[in-house]
Amino acid sequence: MELQPSISLKRLNTFGIDVSGNVATVNEIDDIGRIADATGQGAAFILGGGSNLLFTKNPEGWIWKNELHGIEIADESDEFVWVKAGAGENWHRFVLHCIERNWGGIENLSLIPGLVGASPMQNIGAYGVEIKDVFQSLEAIDLTNGVLRTFDLQECAFGYRESVFKHDLKGQFMIASVTYRLRKKKHELKLDYGDIRKELETQGISQPGIADVSRAVIAIRSSKLPDPNVLGNAGSFFKNPVVSEAIEQKIREKYPELAAYPAGEGLKKIAAGWLIEKAGWKGFRRGDAGVHSKQALVLVNYGSATGAEIWQLSEDIVRNVEDTFGVLLEREVNIL
Ligand SMILES: Cc1cc2nc3c(=O)[nH]c(=O)nc-3n(C[C@H](O)[C@H](O)[C@H](O)COP(=O)(O)OP(=O)(O)OC[C@H]3O[C@@H](n4cnc5c(N)ncnc54)[C@H](O)[C@@H]3O)c2cc1C
């Protein structure tokens, strides 16, 4: 455990917002009691890699920074391996660790920033794969009584960028470890999302394995998304909205090129980035807060934007998209 009162959080969030706060590092589960005793308080919130949040002010109380490490095989069969990872493990390094051992299932989720512990929070997803597809269980500490509880797939109530931890149990648990069920044998790869097939072709690969898919995803992501180490951002700022077919049709009458996908009976998922771009926001900049020039779904900090400025920009986009298309955008990023 380490207690750091009133430090800058600029390096602890990928938006690079310069706020300050009290940070308590949790290196082992027993630290939780020690930190509560030493600070006289519970956790204000849990911090992972800071890649899915926006600080709009100096957070109050003590932030608990998750640094619970370790990767182990929990179980194994001919077909599967169940891998348990500490919540403080870096997600992308964990993906590479699994690929090196030829454990498949998460190769499409390569290069997503952040830590293992946050992966179930919003059921991270990319290129046709979500964490729920390989999720076995997780262990989380109940912050009200310090008791370790196991959650199975059903209890996590995963949805599109959703889980029970963002809603009914918000702020109640600190995820300590996650167990994933990965494939040991050759399995059907998901290549039909984004430009994966095209990228593999460009690389001259006709019989790809999981390492090839991972490399292709890394190449695509690196060319499309801004690197937070260079330009502050938190990935997709908004979720892709799900609307009725009637609303989708109405938009399509005016814009036949609308990008929309089936999302259940009578429903369509629309690309939020497309709506924002069509509304004219792509590349927009106000002070140091802006909309990325290649991907309108990503809001960026050119250097010294405050969280409040980025939030205001997001609010202006929400209002404008609603006025233009009649679609209400929802933020994916956690606002603090
Ligand atoms: C360039 C870029 C690209 C991205 N691409 C994608 C993508 O393709 N798909 C996708 O799904 N996401 C994407 N993201 C968003 C982000 O990387 C993920 O949501 C990631 O899982 C967040 O992890 P983190 O450790 O940084 O969480 P943080 O930002 O630190 O925390 C996020 C939320 O989870 C809570 N939390 C974190 N750890 C724990 C824990 N152990 N226990 C309880 N609560 C916890 C926090 O309190 C907070 O509410 C992207 C972000 C960036 C910057």
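Residues numbered from 1 in each chain as written. Predicted model: local features only at pLDDT ≥ 70, side-chain atom pairs only at ≥ 80, totals over all residues.

## Structural notes on the site of the ligand
Turning to step 1, where the next piece is worked out: Inspection of the region around the ligand gives 32 residues, with G48, G49, G114, G117 and G235 positioned closest.
Turning to step 2, where the next piece is worked out: Counting residues per element, the ones that place at least two in the shell around the ligand are β3 (43-47), β8 (125-126), β12 (173-183) and β13 (232-236).
Turning to step 3, where the next piece is worked out: Looking at side-chain class alone, the shell around the ligand contains 17 nonpolar, 15 polar and no charged residues. (Near = placed C-beta within 6 Å. Helix = DSSP H or I, 4+ residues; strand = E, 2+ residues; numbered from the N terminus. Nonpolar A, V, L, I, M, F, W, Y, C, P; charged D, E, K, R; others polar.)

## Observations regarding the pairing of strand β5 (residues 62-66)
Turning to step 1, where the next piece is worked out: Extensive coverage of β5 is indicated by the burial of five of its five residues.
Turning to step 2, where the next piece is worked out: On β5, burial covers both faces: W62, W64 and N66 on one face and I63 and K65 on the other are all buried.
Turning to step 3, where the next piece is worked out: Of the pairings in the sheet, the one linking strand β2 (residues 20-26) to β5 comprises five bridges and is parallel in character. When the sheet's bridge partners are listed, V26 is paired in β5 with N66.
Turning to step 4, where the next piece is worked out: Bridge count for β3 against β5 is four bridges, and the pairing is parallel. Within β5, the position partnered with L47 by the bridge is K65. (Buried ≥ 20, exposed ≤ 12 C-beta atoms within 10 Å, placed from the backbone. Pairing = 2+ DSSP bridges.)

## Overview of the pairing of strand β19 (residues 298-301)
Turning to step 1, where the next piece is worked out: The alternating pattern of β19 places V298 and V300 and L299 and N301 on opposite faces, both of which are buried.
Turning to step 2, where the next piece is worked out: In the sheet, β13 pairs with β19 via three bridges, with the strands oriented antiparallel. Of the residues in β19, the one forming a bridge with G232 is N301.
Turning to step 3, where the next piece is worked out: Hairpin geometry of strand β18 (residues 289-291) and β19 is characterised by an intervening segment of six residues between the two adjacent antiparallel strands.

Purely geometric numbers; function is a separate question.
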